[in-house]
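Here are the chains, one letter per residue:
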Amino acid sequence: MADDDFFIRRFARARDTGDDEAARQIWEDACLRKFDLVKGLARGHRFPGGQWLPVPDAEDAVTEAMERILKMGENFRGTTGAEFRAAIKRAVWFACMDTGRDVLAHEKHIGGSLDERYDDSAEAGPHDAAVERYLRERADVAADARSDDMQSQRAEELVRWAIAQITNEGYRAVLELTYIDRLSGDEIAARLGVDPNNVYKRRERGLKKLEEILRDHRS
Amino acid sequence: MTTDRDRILSEFIDAWNAGRRPSIDEYLARVPEPEREGLLEDITSYISWAPTPAYDDAALAQIRAEPAMAAALSGYRKRPASWPALLAARRQALALSADDLAARLVNVLGLASQRRAKTRDYLERAERGELDASRFAPRLLDALAELLQTSRRELRGAAGTWMPVRAAPAFRAGDDAAMVTREHLELMADAAAAPSEDDWDEVDDLFRGGR
């Protein structure tokens, strides 16, 4: 399966050998596969004051974000899928904020400033610091043992690493099968010998734990 | 106890992983209003970390045809005109001489009136392609966008370049690159550290000061 690392590795090779046209094409292909993520993140965007980006404005934000992401290829220096994802999240966040400024700046009921950062931090989103710290740690460990195979595993390893921090074995097992093995709810239920309802519950609660771990890790 | 929300979240995850491109709003509509916010948070949290779905060709064609994606691709592919061509075309379209434009620029930017000649000189050099437009200050681009009645985006696009030449990979590729270039690098470092003999002022800042 062609994951983020597959595309970004090829992109980086084309970029570093000066094959700009190939780099541009690969970048476009990678961005196309991120459209649903961008759309979803825009749909779930919350301003620092807690308000959601209004649904009618989300489409504008998606267009703006996608255009920024496409253009990002001009200056993107990363080599991993994880860096690509972090950059996408930042682009969506800024596009939503800019759309919010244009559309909502005059509405009195918006509490707080649109310019505030999430959770009073200076970061673009709640997970970016975790991604960056993780990448730094990985870079330290892998500095002497870098290979294509290892790089292709990075994005997956980030999720593995976070899931491994979850202490509840039941949640952990379901999340591993969901994120890593990409099994459906019914397949997980069959694999673990539990009722599908139990899988639904573990997924929902496990997801919350994962979110907490990633948030805590940035501090 | 398992709730409908848990089940619906799980169904969303399955559809997402399978590359079926589930509509978030359709899933939200399946839970009572008070639970939608929580479900939206869970879905957003999931997709933030989920692997990229395995899209088939039909799904990719569908994505490409989405209005937001089509608009973004269209905006992106419309390659910006080169800076000299854009500046000359806009100036001529508005029947402005370089001197007229310099006068207006000085006024808009609040520069001293004696900077007009130097500003005109910079504008003429820019039109001849003698300046690195990526070093134009954002303030200058904004003012030019206003005076030339064009969008900031177009000007910024024209001022940028697609993938500048990358020196580092070529440098690393040479076995003895460091030895060969050491002398040149030292000379360049000395030059960079030497004080300028020119009178650098705010107009230089605007046109050559970078971002």
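Some thoughts on the overall build of chain A
- The number of helices and strands found in chain A is 10 helices and 0 strands.
- Beginning at the N terminus, the succession of helices and strands in chain A can be written as α-α-α-α-α-α-α-α-α-α.
- Per-residue burial over chain A gives 52% buried out of 219 residues.
- By sequence separation, contacts in chain A at least 24 residues apart represent 65% of the contacts at least 6 residues apart.
- In the form shown here, chain A has an accessible surface area of approximately 10,000 Å², with 46% of it arising from carbon and sulfur atoms.

Re the overall build of chain B
- If you tally the helices and strands in chain B, you get 13 helices and 0 strands.
- Each helix (α) and strand (β) of chain B, taken in turn from the N terminus, gives the series α-α-α-α-α-α-α-α-α-α-α-α-α.
- Going through the 211 residues of chain B one by one, you find that 40% of them count as buried.
- Relative to all contacts within chain B whose residues are 6 or more apart in sequence, the contacts with residues 24 or more apart total 64%.

Considerations on the interface of chain A and chain B
- The interface is formed by 58 residues belonging to chain A together with 51 residues belonging to chain B.
- By the criterion of area lost to chain B, the three top residues of chain A are Arg24, Leu32 and Asp36 of chain A, representing 13% of everything that side buries.
- On the surface where chain A and chain B come into contact, there are 8 salt bridges.
- Here Arg43 of chain A ties to Asp25 of chain B by a salt bridge, and the two come within 2.8 Å at their closest N and O atoms.

Thoughts on the packing of helix α1 (residues 4–16) of chain A against helix α2 (residues 20–32) of chain A
Residue and element names in this part refer to chain A.
- As a packed pair, α1 and α2 sit with axes 8 Å apart at the nearest point and diverge in direction by 160 degrees. Relative to α2, the element α1 lies roughly antiparallel. The interaxial crossing formed by α1 with α2 has left-handed handedness. Facing α1, whose interface residues are Phe7, Ile8, Arg10, Phe11, Ala14 and Arg15, α2 presents Ala22, Ala23, Ile26, Trp27, Asp29 and Ala30.

Remarks on the nonpolar core
- Grouped together as the largest cluster of nonpolar side chains are 73 residues, with contacts concentrated most on Met66, Ile69, Val92 and Tyr179 of chain A.
- Counting residues per element, this core draws most heavily on helix α5 (residues 81–104) of chain A, which supplies 9 residues.
- Setting aside chain neighbours within four positions, we find Met66 of chain A in contact with Cys31, Phe35 and Val38 of chain A together with Met69 and Ala72 of chain B.
- Counting 30 residues, the second largest nonpolar core, distinct from the first, contains Trp83, Leu111, Leu148 and Leu155 of chain B.

Digging into helix α7 (residues 98–109) of chain B
All names here are of chain B.
- Helix length check: α7 (12 residues) gives 16 Å between terminal C-alpha atoms against 16 Å at 1.5 Å per residue, within 8%.
- Along its buried surface, α7 packs onto α6 (83–93), α8 (116–127), α9 (138–147) and α13 (202–208).
- Immediately beyond the C-terminal end of α7, within one or two residues, lies Gly110, with a positive phi of roughly 70 degrees.

Section: empty space enclosed by the protein
- Tallied over the entire structure, the rule returns 2 cavities of 30 Å³ or more.
- Around the second largest cavity, the lining residues are Arg33, Lys34, Leu37 and Arg85 of chain A together with Trp16, Ile47, Ala50, Pro51, Thr52, Pro53 and Tyr55 of chain B.

A closer look at the environment of Ala102 of chain B
- The topology assignment puts Ala102 of chain B in helix α7.
- Considered as a pair, Ala102 of chain B and Asp121 of chain B are 19 residues apart in the sequence and their alpha carbons are 8.6 Å apart.

Focus: the pattern of salt bridges
- Within this structure, the stated rule accounts for 33 salt bridges over all chains.
- Between Glu41 of chain B and Arg46 of chain A there is a salt bridge, with the nearest N and O atoms lying 2.4 Å from each other. Of this pair, Glu41 of chain B sits in helix α3 (residues 33–49) while Arg46 of chain A sits in the loop between α3 (35–43) and α4 (55–72), on two different chains.
- The exposure class of Arg46 of chain A is partly exposed, given its relative accessible area of 27%.
- Asp201 of chain B is the partner of Arg115 of chain B in a salt bridge, and the nearest nitrogen-oxygen pair spans 3.2 Å. Taken together, the residues Arg115 of chain B in the loop between α7 and α8 and Asp201 of chain B in the loop between α12 (177–193) and α13 connect sequence positions 86 residues apart.
- Classification of Arg115 of chain B as partly exposed rests on a relative accessible area of 26%.
- Taken together, the shared-partner salt bridges in this structure form one network comprising Arg115, Lys118, Asp201, Glu202, Asp204 and Arg208 of chain B.

Here's the deal with the confidence of the model for chain A
Residues and elements named next belong to chain A.
- Mean pLDDT over chain A: 77, with 72% of residues reaching 70 or higher.
- Across residues 108–127, where pLDDT falls below 50, the model places 37 contacts with residues more than four positions away in sequence or in other chains.
- Below a pLDDT of 50 lies the segment residues 140–152, which in the model reaches 13 contacts outside its immediate sequence neighbourhood of four places, other chains included.

The rules behind the values
Residues numbered from 1 in each chain as written. Chains lettered and ligands numbered in written order. Predicted model: local features only at pLDDT ≥ 70, side-chain atom pairs only at ≥ 80, totals over all residues. Heavy atoms only, no water. Helix = DSSP H or I, 4+ residues; strand = E, 2+ residues; numbered from the N terminus. Buried < 20%, exposed > 50% of the residue type's maximum accessible area, 1.4 Å probe, protein only. Contact = heavy atoms within 4.5 Å. Areas by Shrake-Rupley, 256 points an atom, 1.4 Å probe, with all protein chains shown as cover. Buried area = accessible area lost by both parts, 1.4 Å probe. Salt bridge = Lys/Arg side-chain N within 4 Å of Asp/Glu carboxyl O. Axes fitted to C-alpha atoms, helices over the stretch in contact; angles between N-to-C directions. Parallel < 35°, antiparallel > 145°, perpendicular 65-115°, else oblique. Left-handed = near helix turned anticlockwise from the far one by under 90°. Core = buried A, V, L, I, M, F, W, Y, C linked by side-chain atoms within 4.5 Å. Expected span 1.5 Å × (residues − 1). 1 Å grid on protein atoms, 1.4 Å probe; cavity = no way out; pocket = protein on both sides within 12 Å on 5 of 7 lines; lining within 4 Å. Points joined across faces, edges and corners; volume = space filled by probe spheres on them. pLDDT = per-residue confidence, 0-100.

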